[in-house]
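Structural overview for review
Here are the chains, one letter per residue:
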Amino acid sequence: MSRLAWRGGARRPADRVNPVEIFFDLVFVFTLTQLTRILEADLSLPSLGRVLLLFGIMWWMVTGYVWLPNSVPPRRPVQKLLLFAGMAGFLVAAVGVPEAFGRTGLVFGVGYLVVICVHLLLFTQAGIGVALLWLAVYNIGSALLVVLGGLADGAARYELWLAAFAFQSVVPYLVPRLSWVSVIASFHIAARHFVERHGLLLIVALGESVVAIGVSVDVAHLTAGTVAVTVAALALPCALWWTYFTDTGTAEAALERAEHGPRARLALRIGFTHIPLLLGIVVAAAGIHSVVAHPGEPASVHAALALAGGVALYLAGIAVARQSLHVPLWWSRWVGAGVVLGTVPLGTVVSAWLQLVAVIAVIVAMLALTGHRNRTSTEGVGAV
């Protein structure tokens, strides 16, 4: 029974990421795959809006499960079993994502409620005092709105889910004494674990774009040209990976230097910068799917915008992160984002394949031009 003890050793700070946390993140990748499926089926603004809403709701608890093991490292069997229960909730919610605005809205809502409850149950061990109460109010309130939205139809579902998103992500910043800024000041942040976990989360998410490349290949008509396009397409997630990890050690060093309260607020900002990064990967993956499926043909406007817009959004997230961490040449990522958007006519007029090559070339040139300055400014192992 001692092996199943609930609290013993829970307060010892986190150090490295536990393997069970990486296992947990694999379910989140399935969520990203489901969101990409929505865009692949319908590359339109209404479809993008639905993806943004679902991502916004899910992201809050994804980042919640990054903060959770930072405060409550899952070292004991009972803690790991509860994380598995949270994984089950995420999986159920992800299964409901493609038809969430149709027949599986309630499935999505119930899965999300399970995720919230497990998160709060584990957070009772964090020793954050009254902050746990307000965490419960915001998170359970939001989850109940998601469940009610799953029971509703038509416009009412959109309205309730928008309210759920606002209740957990907007309202807390509008209540001065009960804002997230005040609540998170109670959290202890282990810098090394926090940065490593976000980096691993992004690596796992980039794996989703690799999946998009693989499933798009027409194996029934495989040629040397198809193989060449597939390999070239892989260069894009590789370039995105390099862009993220080129500012090595900066985030960890900044968190280590910060005092307790400011450290938690900086950690919150770092988490927010990952929203455009992950959304960019989802949108770009839909564009990559179109390129690999029809490389020699001109891309549709929506497909070309998905490829360039996703990458530009990703670079914008990197730019904001660099600026927050006072990394030199942060503006170079904004410039790169603008140039990438300029490749859209190339895809729509000439070919999707040529646009992909141009996007990769822009990122490589950006990294090459700023690489020497970065190497002289930062050292170590970390993330943006």
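Residues numbered from 1 in each chain as written. Predicted model: local features only at pLDDT ≥ 70, side-chain atom pairs only at ≥ 80, totals over all residues. Heavy atoms only, no water.

Structural notes on the overall build of the protein chain
- A tally of regular secondary structure across the protein chain gives 15 helices and 0 strands.
- Relative to its 384 residues, the protein chain shows a buried fraction of 54%.
- Contacts in the protein chain between residues far apart in sequence, at least 24 positions, make up 80% of those at least 6 positions apart.
- Element-wise, carbon and sulfur atoms account for 71% of the exposed surface of the protein chain, whose accessible area totals about 15900 Å². (Helix = DSSP H or I, 4+ residues; strand = E, 2+ residues; numbered from the N terminus. Buried < 20%, exposed > 50% of the residue type's maximum accessible area, 1.4 Å probe, protein only. Contact = heavy atoms within 4.5 Å. Areas by Shrake-Rupley, 256 points an atom, 1.4 Å probe, with all protein chains shown as cover.)

Brief notes about empty space enclosed by the protein
- Applying the stated criterion to the full structure yields 2 cavities of 30 Å³ or more.
- Roughly 30 Å³ of volume is contained in the second largest cavity.
- The set of elements that each furnish at least two residues to the lining of the second largest cavity consists of α1 (19-41), α2 (45-71) and α8 (191-216).
- Of the residues belonging to the lining of the second largest cavity, the class tally is 6 nonpolar, no polar and 2 charged. (1 Å grid on protein atoms, 1.4 Å probe; cavity = no way out; pocket = protein on both sides within 12 Å on 5 of 7 lines; lining within 4 Å. Points joined across faces, edges and corners; volume = space filled by probe spheres on them. Nonpolar A, V, L, I, M, F, W, Y, C, P; charged D, E, K, R; others polar.)

Points about the packing of aromatic side chains
- Summed over the entire model, instances satisfying the criterion amount to 14 aromatic pairs.
- Look at Phe 55 and Trp 59: their rings are 6.1 Å apart centre to centre, the planes differ by 10 degrees, and that puts the pair in the stacked class. Of this pair, Phe 55 and Trp 59 both sit in helix α2, separated by 4 residues, roughly a single helical turn. Just as Phe 55 is buried, Trp 59 falls in that class too.
- What links up through ring pairs into an aromatic cluster is the set Phe 101, Phe 108, Tyr 112, Tyr 158 and Trp 161. (Phe/Tyr/Trp six-rings, centres within 6.5 Å; stacked < 30°, edge-to-face > 60°.)

A look at the layout of surface pockets
- Counted as a void, the largest pocket has a volume near 300 Å³.
- Around the largest pocket, the lining is made up of 15 residues, and of these Leu 45, Leu 48, Val 283, Leu 305 and Ala 306 lie nearest the centre.
- Broken down by secondary-structure element, the contributors of at least two residues to the lining of the largest pocket are α2, α11 (260-293) and α12 (301-324).
- Sort the elements by how many residues they give to the lining of the largest pocket and α12 lands first, with 6 residues.
- In the lining of the largest pocket, the residues fall into 11 nonpolar, 4 polar and no charged.

Some details on the environment of Ala 164
- Looking at where Ala 164 falls in the secondary structure, it is placed in helix α6 (residues 155-169).
- Residue class for Ala 164 comes out buried when judged on its relative accessible area of 0%.
- As for Ala 164 and Gly 56, which are separated by 108 residues in sequence, their C-alpha atoms are 9.8 Å apart.

What about the pattern of salt bridges?
- Taken as a whole and assessed by the stated rule, the structure comprises 5 salt bridges.
- A salt bridge links Glu 256 to Arg 263, with the shortest nitrogen-to-oxygen separation between them at 3.9 Å.
- Exposure remark for Arg 263: the relative accessible area of 13% places this residue in the buried category.
- A single salt-bridge network, built from bridges that share partners, covers Glu 21, Asp 25 and Arg 197. (Salt bridge = Lys/Arg side-chain N within 4 Å of Asp/Glu carboxyl O.)

What to know about the nonpolar core
- In terms of nonpolar packing, the biggest core is built from 107 residues, with Phe 108 and Leu 236 touching the most fellow members.
- Among the elements that take part in this core, α11 stands out by supplying 16 residues, more than any other.
- In contact with Phe 108, other than residues within four places in its own chain, are Leu 54, Ile 57, Met 58, Ala 93, Gly 96, Val 97, Ala 100, Val 146 and Trp 161. (Core = buried A, V, L, I, M, F, W, Y, C linked by side-chain atoms within 4.5 Å.)

Considering the packing of α11 against α12
- Contact pair α11 / α12: the axes reach a minimum separation of 7 Å and the direction vectors enclose 160 degrees. One finds that α11 runs roughly antiparallel with respect to α12. Where α11 crosses over α12, the handedness of that crossing is left-handed. Every residue of α12 that contacts α11 at Thr 273, Pro 276, Leu 277, Leu 279, Gly 280, Ile 281, Val 283, Ala 284, Gly 287, Ile 288, Ser 290 and Val 291 is listed here: Ala 303, Ala 306, Leu 307, Gly 310, Val 311, Leu 313, Tyr 314, Gly 317, Ile 318, Val 320 and Ala 321.
- Of the residues assigned to the contact of α11 with α12, the class counts are 17 nonpolar, 6 polar and no charged. (Axes fitted to C-alpha atoms, helices over the stretch in contact; angles between N-to-C directions. Parallel < 35°, antiparallel > 145°, perpendicular 65-115°, else oblique. Left-handed = near helix turned anticlockwise from the far one by under 90°.)

Observations concerning the confidence of the model for the protein chain
- In the predicted model, the protein chain carries a mean pLDDT of 85, and the fraction of residues at 70 or more is 89%.
- A low-confidence stretch, residues 1-5 (pLDDT under 50), is modelled with 7 contacts involving residues beyond four sequence positions or located in other chains.
- Between residues 376-384, whose pLDDT stays under 50, and residues either more than four places distant or in other chains, the model counts 30 contacts. (pLDDT = per-residue confidence, 0-100.)

Description of a nonpolar patch on the surface
- Among the surface-exposed residues, Val 320, Trp 330, Trp 331, Trp 334, Val 335 and Val 339 lie close enough to one another that they form a single nonpolar patch of about 550 Å² accessible area.
- When residues in the nonpolar patch are grouped by element, the largest group, 4 residues, is from helix α13 (residues 331-341).
- With respect to the helices and strands, Trp 330 occurs in the loop between α12 and α13.
- According to the relative accessible area criterion, Trp 330 is partly exposed, its value standing at 30%. (Patch = residues over 30% accessible without salt bridge, like charges linked within 9 Å, V, L, I, M, F, W, Y side chains within 5 Å.)

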